[in-house]
Amino acid sequence: MSNQSLFPDDFCWGAATSAYQIEGSPLADGAGPSIWQRFTHSPGLTENGDTGDVACDHYNRWPEDIALMAELGLNAYRFSISWSRILPEGTGPVNQAGLDFYSRLVDGLLERGITPFATLYHWDLPAALDNRGGWLNRDIADWFADYARVAYRALDDRVRHWATLNEPWVVTDGGYLHGALAPGHRNLFEAPLASHNIMRAHGAAVHAYRAEGAHEIGLVVNLEPKYPADNRQQTRAATKRADAYMNRQYLDPVFLGSYPDELRDIFGEAWPEPTADDMALIKQPLDFLGVNYYTRSVTINDEDALPVRAGRVIQDGATYTETDWEVYAQGLTDILGWVTERYGAIPLYVTENGAAFFDPPVPLADPHPDPLRVDYFRQHLTAVRQAMSNGVPVRGYFAWSLLDNFEWSLGFAKRFGIIHVNYGNQKRTFKTSARYYADVIRTRGAVLDGG
Ligand code: IFM
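1. Here's the deal with the overall build of the protein
- Helix and strand counts for the protein stand at 15 helices and 13 strands.
- Its C-alpha atoms give the protein a radius of gyration of 21 Å, within 12% of the compact-globule value 22 Å for 451 residues.
- Reported as C-alpha extents along the three principal axes, the dimensions of the protein are approximately 55 × 55 × 45 Å.
- Buried positions account for 62% of the 451 residues belonging to the protein.
- In the protein, of all internal contacts separated by at least 6 residues, the share reaching a separation of at least 24 is 76%.
- For the protein, the computed accessible surface area is about 16200 Å², with 50% contributed by carbon and sulfur atoms.

See below:
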């Protein structure tokens, strides 16, 4: 594929969301609470005290949301399943009403010719399992595989693409090391343990799938290429540590069967030496890898930035999003190429890519103008095409996000949607980025070159 040529006919054009961020009604129809229910209902932990109690009310409005996807010409949709809707206690009795919700959603997508991509875990651990230690308890690998089996048995006849986890790095860095995300722990000794257990859980769920499911299963990671700010040895070492911590910590064990050596240096006595059995469990063959890409890091040595001892340099003249992420599309081409080079030609999906730029609570027009986001998508879709013309097997792209939604501890202030949501009345309005994306899809990328 040359840089100017069209995306293939069978390319997946999608948008992504996650359960807690859009569904609302978190306790409806017998669902159990998740750690995000608890976190958001603890004072002071989210901006403006925002919660996912209503969010985009997708739990009730999903038919309308599917109609919007169809209007844009999406042929794929990535959503996550809420574990505690299906198993209110995390283990034990199944809540059929919870399963039925996802079953109806999947049927609705298929009726519109939209391929469902289901993620089993997008950060909303059942609170009942957190009471039992959550990701710190080794038993969670079995709990997760049991939950996965329930989901496979109910939906695998119609869902052909499964992902075990979304962004294990964020789960453990945000949830167990820095505490900005649920369950809000700040503990150096817990973070690597939680990471190891979440990867064991991933392996157990893939292993279970091979016995239960007939289609494809993969993992979704957030990758951020790390570039050294200069050529000094200290800078290069810091860059390698940052890369090991964020990127290779999750991919090396899955594809190479070992953790990067730098992690022993980063975590010191907090590093839990894994057993050979654990490593074998994690290294299950995958059908695809999902890559979430938002930004890069230009890295320096910073001895105070524990535990990784690496910092990030702000780039003069660069554009930054509302979440302070540098817009750097070349990083997407680079990281996709790096994955293929390091781990082999596994099929890849860009499972999230997008940007928060300011949009007002009420849209300015229909479509609501969001030129910065249009430019972001233009640059990043061009970067995907470049990677493909370099020989990287990218099978699809999912914009983050279909809808403005609950951005975790940042609440509703940061809007990532290609569809504007007025949280006062739940009205959805396309942004110009949605219309632009629809044009990219319709022309298989020709409009990226102004065609
Ligand atoms: O909103 C999140 C999503 O839940 C996981 N990936 C990054 C997005 C933007 O921060």
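2. A closer look at helix H7 (residues 140-155)
- Its 16 residues place the ends of H7 22 Å apart at the C-alpha level, agreeing with the 22 Å of an ideal helix rising 1.5 Å per residue.
- Listed in full, the buried residues belonging to H7 are Ile140, Ala141, Trp143, Phe144, Ala145, Tyr147, Ala148, Val150, Ala151, Tyr152 and Leu155.

3. So, the side chain of glutamate 190
- Relative to the helices and strands, glutamate 190 is located in helix H9 (residues 190-212).
- Ignoring sequence-local partners within four residues, the contact set of glutamate 190 consists of Leu136, Tyr176 and His185.

4. Looking at the packing of aromatic side chains
- Counted by the stated rule, this structure contains 44 aromatic pairs.
- A ring pair is formed by phenylalanine 117 and phenylalanine 398, whose centres lie 4.9 Å apart and whose planes are at 65°; its orientation type is edge-to-face. Here phenylalanine 117, found in strand S3 (residues 115-121), pairs with phenylalanine 398, found in strand S11 (residues 394-400); they are 281 residues apart in sequence, far enough to count as distant. When sorted by exposure, phenylalanine 117 lands in the same class as phenylalanine 398, which is buried.
- One aromatic cluster is present, built from ring pairs that chain together Tyr20, Trp36, Phe39, Trp123, Phe406, Trp408, Phe412 and Tyr423.
- A cation sits over an aromatic face here: arginine 85 above phenylalanine 101, 5.8 Å from the ring centre.

5. Side note on the pairing of S11
- The element S11 is extensively covered by neighbouring structure, given that 6 of its 7 residues are classed as buried.
- When strand S1 (residues 12-16) meets S11, the two strands line up parallel, connected through 5 bridges. Residue pairing across strands places cysteine 12 opposite glycine 396, the latter belonging to S11.
- Sheet topology note: the strand S10 (residues 348-352)/S11 ladder contains 3 bridges and is parallel. By the bridge assignment for S11, leucine 348 is matched with valine 394.
- Between the parallel pair S10 and S11, the chain is carried across by helix H14 (residues 371-389), and the sense of this crossover is right-handed.

6. Brief notes about the site of the ligand
- Near the ligand, the surroundings consist of Gln21, His122, Trp123, Asn166, Glu167, Tyr294, Trp325, Glu352, Trp400, Glu407, Trp408 and Phe416.
- Separating an oxygen atom of the ligand from a side-chain N or O atom of histidine 122 is a distance of 2.8 Å.
- A distance of 2.5 Å is found between a nitrogen atom of the ligand and a side-chain nitrogen or oxygen belonging to glutamate 352.
- In the complex, 96% of the free accessible area of the ligand, which totals 280 Å², lies under the protein chains.
- Partitioned by chemical class, the residues of the shell around the ligand number 6 nonpolar, 3 polar and 3 charged.

7. Focus on the pattern of salt bridges
- All chains considered together, the criterion is met by 32 salt bridges.
- Close ionic contact of arginine 373 with aspartate 370 constitutes a salt bridge, the shortest N to O distance being 2.7 Å.
- Taking the relative accessible area as the measure of exposure, arginine 373 reaches 0% and is therefore buried.
- Aspartate 370 gets classed as buried once you look at its relative accessible area, which sits at 4%.
- Here the salt bridges do not stand alone but share partners, grouping Asp359, Asp370, Arg373, Asp404, Arg415 and Lys431 into one network.

8. Thoughts on unusual backbone geometry
- Between aspartate 366 and proline 367 the backbone carries a cis peptide bond, its omega angle lying at 5°.
- Inspection of the secondary structure puts proline 367 in the loop between S10 and H14.
- Following tryptophan 400, the chain continues to serine 401 via a peptide bond in cis, the omega torsion being 10°.
- Its identity is not glycine, yet aspartate 29 carries a phi of approximately 55°, on the positive side.
- Mapped onto the elements of the fold, aspartate 29 is located in the loop between helix H1 (19-22) and helix H2 (35-40).
- A positive phi angle, close to 45°, is found at alanine 55, a residue other than glycine.
- By secondary structure assignment, the location of alanine 55 is in the loop between H2 and helix H3 (58-72).

Conventions we followed
Residues numbered from 1 in each chain as written. Predicted model: local features only at pLDDT ≥ 70, side-chain atom pairs only at ≥ 80, totals over all residues. Heavy atoms only, no water. Helix = DSSP H or I, 4+ residues; strand = E, 2+ residues; numbered from the N terminus. Rg over C-alpha atoms; globule rule 2.2 N^0.38 Å. Buried < 20%, exposed > 50% of the residue type's maximum accessible area, 1.4 Å probe, protein only. Contact = heavy atoms within 4.5 Å. Areas by Shrake-Rupley, 256 points an atom, 1.4 Å probe, with all protein chains shown as cover. Expected span 1.5 Å × (residues − 1). Phe/Tyr/Trp six-rings, centres within 6.5 Å; stacked < 30°, edge-to-face > 60°. Lys NZ or Arg CZ within 6 Å of the ring centre and 35° of its normal. Pairing = 2+ DSSP bridges. Right-handed = clockwise from strand over helix to strand, strands pointing away. Near = heavy atom within 4 Å. Polar contact = N/O pair within 3.5 Å; in protein donor to acceptor, adjacent residues only side chain to side chain. Nonpolar A, V, L, I, M, F, W, Y, C, P; charged D, E, K, R; others polar. Salt bridge = Lys/Arg side-chain N within 4 Å of Asp/Glu carboxyl O.

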